[in-house]
Amino acid sequence: MMYGKKLAIAVALIALAGSSVAGVAQPANKLPHAWPRPGSMLLIDNDRGTAFNVVYKVGVPSPMHRHLYDFVGLDLNTAAIEVKDLKGKTGIGTVIKNDMWFLLKGEPHQEMSVVEPGRHTVVIDIKAKRVPEATNTSSFPANKYARFQRKVADNDEIVIWNCAWAPGQEVLTSFNTRDMFLAFAEGGDLSIATPGQAPKVQHYEAGQAIFLPAGQVRSIRSAKGAVHAMLVEVK
Amino acid sequence: MKNKTKAVLGACVFMVASTTVYAQAEKDLPPGWPRPGAALLVENDRGAAYNVVYPKDQPTPFHRHRYFFAGLDLNTATIKVTQLDGKFDLHPVVKNHMWYLPKGLTHREMSTTEPGRHTVVIDIKEKSVPEAKNTTDYPTNKYATYQSKVVDNDRVIIWDTAWSPGAEPITSFDSRDMFIAFAEGGDITIATPGQPAKTQHYDTGQAIFLPGGQARTISSANDTIHAMLVEVK
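Just so you know, these numbers come straight off a predicted model, no measurement behind them.

Some thoughts on the overall build of chain A
Scanning chain A for helices and strands turns up two helices and 17 strands. Within chain A, the proportion of its 235 residues that are buried is 46%. Excluding contacts between residues fewer than 6 apart, the proportion of contacts in chain A whose partners are at least 24 apart in sequence is 79%.

Let's talk about the overall build of chain B
Along chain B, the regular secondary structure elements total one helix and 18 strands. Counting the 233 residues in chain B, one finds 38% classified as buried. A separation threshold of at least 6 residues defines the contact pool for chain B, and within that pool the share at least 24 residues apart is 76%.

Observations regarding the sheet that holds strand E11 (residues 156-163) of chain B
Residues and elements named next belong to chain B. Strand order in the open sheet formed by five strands is E10-E11-E18-E13-E16, with antiparallel pairing between adjacent strands. The sheet is open, and its two edges are formed by strand E10 (146-152) and strand E16 (207-210), each paired on a single side. Direction aside, the axes of adjacent strands within the sheet are offset by 25° on average. Where E10 meets E11, six bridges bridge the pair, whose relative direction is antiparallel. Paired with Gln147 across the strands is Thr161, a residue of E11.

Things to note about the nonpolar core
Among the nonpolar cores identified, the biggest contains 103 residues, and Ala183 and Val232 of chain A together with Ala181 and Val230 of chain B are the most heavily contacted of them. Contacts of Val232 of chain A, omitting those with residues within four sequence positions, involve Val72, Ile124, Ile158, Ile160, Met180 and Phe181 of chain A.

Side note on unusual backbone geometry
Glycine aside, the phi torsion of most residues is negative, and most peptide linkages are trans. Omega for the peptide link from Trp35 of chain A to Pro36 of chain A comes to 5°, which places this bond in the cis form. Structurally, Pro36 of chain A can be placed in the loop between helix H2 (25-29) and strand E1 (40-45). With an omega dihedral of -5°, the bond running from Glu114 of chain B to Pro115 of chain B counts as a cis peptide bond. Within the element layout of this structure, Pro115 of chain B appears in the loop between strand E8 (106-111) and strand E9 (117-124). The residue Asn141 of chain B is not glycine, and still its phi comes out positive at about 55°.

Regarding the confidence of the model for chain B
Residues and elements named next belong to chain B. Summarising the model, chain B shows a mean pLDDT of 91, and 89% of its residues fall at 70 or more. Note that pLDDT drops below 50 for residues 12-21; the model gives that stretch zero contacts with residues more than four away or on any other chain. Across the interface, the model reports ipTM at 0.87; the global pTM reads 0.88.

Focus on the interface of chain A and chain B
Facing the 25 residues of chain A at the interface are 27 residues of chain B. Going through the elements one at a time, helix H1 (4-18), strand E4 (79-84), strand E5 (90-95) and strand E10 (158-165) of chain A are the ones with two or more residues in the side of chain A that touches chain B. If one sorts the elements of the side of chain A that touches chain B by residue count, E5 of chain A sits on top with three residues. Within the side of chain A that touches chain B, the residues separate by chemical class into 14 nonpolar, eight polar and three charged.

Concerning the sheet that holds E1 of chain A
Residues and elements named next belong to chain A. Across the sheet, which stays open at both edges, the five strands sit in the order E1-E2-E8-E3-E6 with antiparallel pairing between neighbours. Each having just a single partner strand, E1 and strand E6 (100-103) make up the two edges of the open sheet. Direction aside, the axes of adjacent strands within the sheet are offset by 20° on average.

A closer look at the environment of Leu42 of chain A
All names here are of chain A. In this fold, Leu42 is placed in strand E1. On a C-alpha basis, the gap between Leu42 and Ser139 in space is 37 Å, while along the polypeptide they are 97 residues apart. The residues contacting Leu42, other than those within four sequence positions of it, are Pro36 and Phe52.

Some details on the confidence of the model for chain A
Reading fine detail from the predicted coordinates is not recommended where pLDDT is low. Residue and element names in this part refer to chain A. Confidence in the prediction for chain A averages 90 pLDDT; 89% of positions are at 70 or higher. Low pLDDT (under 50) marks residues 1-5, which in the prediction has ten contacts with non-local residues, meaning those over four places away or in another chain. Across residues 14-26, where pLDDT falls below 50, the model places 25 contacts with residues more than four positions away in sequence or in other chains.

Some remarks on the environment of Ala207 of chain B
Residues and elements named next belong to chain B. Checked against the element boundaries, Ala207 lands in strand E16. Its 24 C-beta neighbours within 10 Å are what place Ala207 among the buried residues. The spatial distance from the C-alpha of Ala207 to the C-alpha of Ala181 is 4.2 Å, given a sequence separation of 26 residues. Setting aside its immediate chain neighbours within four residues, Ala207 contacts Leu41, Val42, Ala49, Val120, Phe179, Ile180 and Ala181.

Remarks on the environment of Asp28 of chain B
Mapped onto the elements, Asp28 of chain B comes out in helix H1 (residues 2-28). In this structure the C-alpha to C-alpha distance between Asp28 of chain B and Thr161 of chain B, which are 133 residues apart in sequence, comes to 38 Å.

Procedures and definitions
Residues numbered from 1 in each chain as written. Chains lettered and ligands numbered in written order. Predicted model: local features only at pLDDT ≥ 70, side-chain atom pairs only at ≥ 80, totals over all residues. Helix = DSSP H or I, 4+ residues; strand = E, 2+ residues; numbered from the N terminus. Buried ≥ 20, exposed ≤ 12 C-beta atoms within 10 Å, placed from the backbone. Contact = placed C-beta atoms within 7 Å. Pairing = 2+ DSSP bridges. Axes fitted to C-alpha atoms, helices over the stretch in contact; angles between N-to-C directions. Core = buried A, V, L, I, M, F, W, Y, C linked by C-beta atoms within 7 Å. pLDDT = per-residue confidence, 0-100. Nonpolar A, V, L, I, M, F, W, Y, C, P; charged D, E, K, R; others polar.

Quick look at the structure:
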């Protein structure tokens, strides 16, 4: 509930940008995609999606762009962003650390941070490919990743979960029916175990992202640090 | 058979005795705060706000919360919660999470990872005040363009609110007494129609109280300000 409302704010910002595009449809179609661009760093790219770590420097506007994919995002800090549409109409919005959201492709706009620190996000473009959900043939529950696990969005493309793991907590083992991305809001040492194999412990920083394929049983836990992440199941 | 009965009887007596001891122990426990690590921010007849740190590996005393309370987590951390019977659980807490809990909770807490948990908590006092009637032309309780309801019950409404500099300010009639606890600080301007605006800097983790029954415009003077706003019913 806490995170769902932020989607509406993000949508409102983009709607502002898209509100006057109809009259200039042709230029909008020729605009570049949002990323890559200066300030965006590719984290992962495969046939299910592309994750970028993106910074919006204060006073440096992004190019006017059009999103080619529906996309999800995680805000890594609290910041103020000015959004400008093709006609030059602007609005200032607030983004909040740990906000997780889903936005639709297509709305042309330009963005710029207006106060320090500039906005910092992880975004994941969701590719068009769809994969049927894997059947859970194990005795484990499906898609139970963490004891702290809250649904943020659920639509025909994705499910976004707000997840956190604390070291020492009782570990959940579950069958993961869908391909998924994890984007870290708070990093730490994360242990991912598959039955019959040695657990793999890896350190992740806030702002990193990983991809985990579907159809496997896994136990995810924190080996060190309170780890907080946006987990995106791709349908 | 006789021995079995005796054993069951003994177990029952033990359970009753234990329950009585627990009940007495619960009754005698101190409140959640004040305590070392809890700094009083605001106190009046509507509530008491504290900034509370939980240093790693330093358990709080066992305590019983005397009031319903609202809270805002200032960081992401791990907390171990131990019940009177010694059972414990570990939980992650997440920065910017806002919540409401009932009175009567009895436990002890301890951070188990760095950084230790850091919160603002507001005990909600028993006093209840009727909502002030809005006799102005302004909307009621519209504080910010970024405003989203987190909790609404018979004692409080908790709003997740934020203000950016340059965003269009909203003037509204504030029908209820309220506390504002800052998740992200900055210079905040509060204006009342007919009076000069007051700008004040607040750091993350501070809290203020604003009385109900007034029209106000709240805006950010130069930073992105994020706060938990608690209307007290």
